[in-house]
Amino acid sequence: MRDLERWAAQSRLWNLCKQAGIAPAIATLYWHAKLALHLWSVPVTVGGYTVEFATDSRTEYSRVTSLVGEQPVIESLLNDVRESDVVYDIGANIGTHTCFVGKRLDSGVVVAFEPMPTNAIRLRHNLSANVPVSRWDIAEFALSDEDGAGSLAVESRNYGEGKHALSVDGELEIDVFQGKTLVETGRYPAPDILKIDVEGAELQVLRGFDDILSDVRVVYAELHHELSEQYDTSTAEIEAYLREHGFDVERLSERSDAYHIRAVNSRGTEPK
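Figured I'd write up the structure that's included with this text. This one's a predicted model, so the numbers in the text were calculated from it and none came from an experiment.

Conventions and cut-offs
- Residues numbered from 1 in each chain as written.
- Predicted model: local features only at pLDDT ≥ 70, side-chain atom pairs only at ≥ 80, totals over all residues.
- Heavy atoms only, no water.
- Helix = DSSP H or I, 4+ residues; strand = E, 2+ residues; numbered from the N terminus.
- Buried < 20%, exposed > 50% of the residue type's maximum accessible area, 1.4 Å probe, protein only.
- Contact = heavy atoms within 4.5 Å.
- Polar contact = N/O pair within 3.5 Å; in protein donor to acceptor, adjacent residues only side chain to side chain.
- 1 Å grid on protein atoms, 1.4 Å probe; cavity = no way out; pocket = protein on both sides within 12 Å on 5 of 7 lines; lining within 4 Å.
- Points joined across faces, edges and corners; volume = space filled by probe spheres on them.
- Nonpolar A, V, L, I, M, F, W, Y, C, P; charged D, E, K, R; others polar.
- Phe/Tyr/Trp six-rings, centres within 6.5 Å; stacked < 30°, edge-to-face > 60°.
- Lys NZ or Arg CZ within 6 Å of the ring centre and 35° of its normal.
- Core = buried A, V, L, I, M, F, W, Y, C linked by side-chain atoms within 4.5 Å.
- Pairing = 2+ DSSP bridges.

### Side note on the environment of arginine 124
For step 1, the next point in the chain: By the secondary structure assignment, arginine 124 is in helix H6 (residues 117–130).
For step 2, the next point in the chain: Judged by relative accessible area, arginine 124 falls into the partly exposed class, the value being 36%.
For step 3, the next point in the chain: Spatially, the C-alpha atoms of arginine 124 and cysteine 99 are 9.9 Å apart, while their sequence positions differ by 25 residues.
For step 4, the next point in the chain: The contacts of arginine 124, once residues within four sequence positions are left out, are Trp136, Ile138 and Glu140.
For step 5, the next point in the chain: Polar side-chain contacts of arginine 124 include one of 3.4 Å to the side chain of glutamate 140.

Printed below as a string of structure tokens:
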């Protein structure tokens, strides 16, 4: 009963703050105090691996503590990663997948592709704080089915916020490469595992690997129903492309706008 009365009193006080127009300022002060209490970072554990993520805002704190509902996907990914693997994290954001993969590796390496400069800064910080430098690299450009220049639509310049996607009229000019170009020129070793989250452009990324895709052991991807249409494709077409290239596809999770898949190369690949 006392808890109910306390909650009612807090609710009335908060409503008064909103009426007075000071609620946003109080919320900001609360989150600054909360983040400062945690020394502007928070530990997150998945699959037995703990990563310390930097957090400067409520949005960033929420992203790393909730992992945007993707903890089961990360756990599945970690189960597939071998210690000597080369993993491409395409659309790495601030490293919520990359850092855990880096922890799992020994002689392998994770290459994190993140063309958004602010996200790349935070990604580098998180990796540096958690993973030996020999296990990771950051590529500050996008992957697609062609090499050249492109542009990125930017929703927010804050760490980890907004959806950033390749666009013909985006405001940020970036470099774009095919996966096969990076491998054939020796810039990066061929991947054993791909993790892809590029806001609808997943098929373009896959096409950019061409024949190299046949040597990939596992593909993880977040497929977006409406966003895929902006690239003249569909989630069904992306799944079909993977099956045509020898992958067995299963769904790991689903929400109204998107879902995750795990695609395993049915032909198998030789271990390193």
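Structure shown, so let's carry the discussion forward.
### Details of empty space enclosed by the protein
For step 1, the next point in the chain: Applying the stated criterion across every chain, the model contains one cavity of 30 Å³ or more.
For step 2, the next point in the chain: Reported here for the largest cavity is a volume of approximately 70 Å³.
For step 3, the next point in the chain: As for the largest cavity, its lining consists of Glu70, Val73, His97, Lys195, Ile196, Asp197, Tyr220, Ala221, Glu222 and His260.
For step 4, the next point in the chain: Among the secondary structure elements, those contributing two or more residues to the lining of the largest cavity are strand E10 (193–196) and strand E11 (218–224).
For step 5, the next point in the chain: Ranked by residue count, the leading element in the lining of the largest cavity is E11, at three residues.
For step 6, the next point in the chain: Considered class by class, the residues forming the lining of the largest cavity number four nonpolar, two polar and four charged.

### Brief notes about the packing of aromatic side chains
For step 1, the next point in the chain: This model, assessed by the stated rule, comprises six aromatic pairs.
For step 2, the next point in the chain: Geometrically, the ring pair formed by phenylalanine 113 and phenylalanine 141 is edge-to-face, given 5.8 Å between the ring centres and 70° between the ring planes. Placement of the pair is phenylalanine 113 in strand E4 (residues 109–113) and phenylalanine 141 in the loop between strand E5 (136–139) and strand E6 (142–144), with a sequence separation of 28 residues.
For step 3, the next point in the chain: Following the ring pairs from residue to residue traces out a cluster consisting of Tyr88, Phe113, Phe141, Phe177, Tyr188 and Phe209.
For step 4, the next point in the chain: Taking the ring centre of phenylalanine 177 as reference, the NZ or CZ of arginine 187 above it sits at 5.3 Å.
For step 5, the next point in the chain: In this structure, arginine 251 packs its charged tip against the face of tyrosine 259, placed 3.8 Å from the ring centre.

### A look at the nonpolar core
For step 1, the next point in the chain: Formed by 36 residues in total, the largest nonpolar core has its most connected members in Tyr88, Ile90, Leu194 and Val219.
For step 2, the next point in the chain: Of the residues forming this core, the biggest block, four residues, is contributed by helix H8 (residues 202–209).
For step 3, the next point in the chain: Other than its neighbours up to four places away in sequence, leucine 194 contacts Tyr88, Ile90, Leu206, Phe209, Leu213, Val216, Val218, Val219 and Tyr220.
For step 4, the next point in the chain: Judged by nonpolar contacts, the second largest core, of 30 residues, contains Leu78, Leu127, Val131 and Ile193.

### A word on the pairing of strand E2 (residues 49–54)
For step 1, the next point in the chain: Of the pairings in the sheet, the one linking strand E1 (residues 41–46) to E2 comprises six bridges and is antiparallel in character. Bridging across to E2, threonine 45 finds its partner in threonine 50.
For step 2, the next point in the chain: Two successive antiparallel strands, E1 and E2, enclose a turn made up of two residues, where glycine 47 displays a positive phi of approximately 60°.

### Remarks on the environment of leucine 127
For step 1, the next point in the chain: Inspection of the secondary structure puts leucine 127 in helix H6.
For step 2, the next point in the chain: Considered as a pair, leucine 127 and glutamate 52 are 75 residues apart in the sequence and their alpha carbons are 9.3 Å apart.
For step 3, the next point in the chain: Excluding its chain neighbours within four sequence positions, the residues that come into contact with leucine 127 are Thr98, Cys99, Trp136 and Ile138.

### With respect to the side chain of histidine 224
For step 1, the next point in the chain: As for its placement among the helices and strands, histidine 224 is situated in strand E11.
For step 2, the next point in the chain: Separated by 3.3 Å, the side chains of histidine 224 and aspartate 197 make a polar contact.
For step 3, the next point in the chain: At a separation of 3.5 Å, a polar atom in the side chain of histidine 224 contacts the main-chain carbonyl oxygen of glutamate 222.
For step 4, the next point in the chain: Beyond its immediate chain neighbours, meaning those up to four positions away, histidine 224 contacts Asp197, Glu199, Gly200, Glu202, Thr235, Asp257 and Ala258.

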